[in-house]
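Listed below are the residues making up each chain.
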Amino acid sequence: MTNIVLIGMTGSGKTTIGKELASRLKLSFIDMDDFIEKQVGQSIPELFEQGEAVFRSLETDACIKLADATDTVISTGGGAVLKQENQKWLKQAGVIVWIDRPVNLIVKDIETAHRPLLKNGTEALYTLFEERQPVYEALADVTVRNDQSLSETVNDVLNQLT
Ligand code: S3P
């Protein structure tokens, strides 16, 4: 099986859903932020302190490397889709699934501590969503709305992929 690439807003459930998908399909799982942190030995907030561009450049490196993955569910960071170059690598990596969670639900339970873009609060999510929604929509092969339980969302992904 090819890779499954999960895209979507920060806090949309990509990592939780990705782990469950990987376990059900007996695939490996890679979270792109964890991958970047391990590659450089620094946390996402530490990288953002050096400037967002530093993080974004490492994110592109990760997209390039992960395009060669096999039998893996890849959970991307919410902004990984923004550069056209990244879009090309992600498409090459596999089938792209947009985890579409309504922002009002994200706001209710998102953990902001390790998310530098939300350091001033969750209000920023609404602007980010306005900017990014068309990009997610255009890039997605499959869209799954995550406003239900984890198992229902994972079942939806599986139904749409088969
Ligand atoms: C970001 C989302 C984060 C992380 C970084 C930037 C974004 O990943 O890559 O803080 O631009 O939306 P998650 O989507 O896993 O929170």
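This text follows the structure it describes.
This write-up is about the structure you can find in this document. Quick caveat, the model's predicted, so the values are computed rather than measured.

## A closer look at the overall build of the protein
Scanning the protein for helices and strands turns up eight helices and five strands. For the protein, the α and β elements follow one another from N to C terminus as β-α-β-α-α-α-β-α-β-α-α-β-α. Computed over the C-alpha atoms, the radius of gyration of the protein is 15 Å, within 12% of the 15 Å expected from 2.2 N^0.38 for a compact globule of 162 residues. Overall size of the protein, expressed as C-alpha extent along the three principal axes, is 40 × 35 × 25 Å. In the protein, which comprises 162 residues, the share counted as buried stands at 33%. Long-range contacts, defined as pairs at least 24 residues apart, comprise 74% of the intrachain contacts of the protein with a sequence gap of at least 6.

## What about helix α1 (residues 14-25)?
Along its twelve residues, α1 runs 16 Å from first to last C-alpha, staying within 8% of the 16 Å computed at 1.5 Å per residue. Within the sequence span of α1, burial applies to Lys14, Ile17, Gly18 and Leu21. Relative to the axis of α1, the buried residues are bounded by an arc of 100° and lie together on one face. Looking at the buried side of α1, the elements it contacts are β1 (3-7), β2 (28-31), β3 (72-75), β4 (94-100) and α8 (150-161). Lys26 lies just past α1 and shows a positive phi near 55°.

## Focus: the environment of Val157
Looking at the element boundaries, Val157 is found in helix α8. By the C-beta count within 10 Å, which is 24 here, Val157 ends up buried. It is 8.0 Å that separates the C-alpha atoms of Val157 and Val142, two residues lying 15 residues apart in sequence. Aside from chain neighbours lying at most four places away, what touches Val157 is Ile17, Leu21, Val97 and Val144.

The rules behind the values
- Residues numbered from 1 in each chain as written.
- Predicted model: local features only at pLDDT ≥ 70, side-chain atom pairs only at ≥ 80, totals over all residues.
- Helix = DSSP H or I, 4+ residues; strand = E, 2+ residues; numbered from the N terminus.
- Rg over C-alpha atoms; globule rule 2.2 N^0.38 Å.
- Buried ≥ 20, exposed ≤ 12 C-beta atoms within 10 Å, placed from the backbone.
- Contact = placed C-beta atoms within 7 Å.
- Expected span 1.5 Å × (residues − 1).
- Arc of directions from axis to C-beta.

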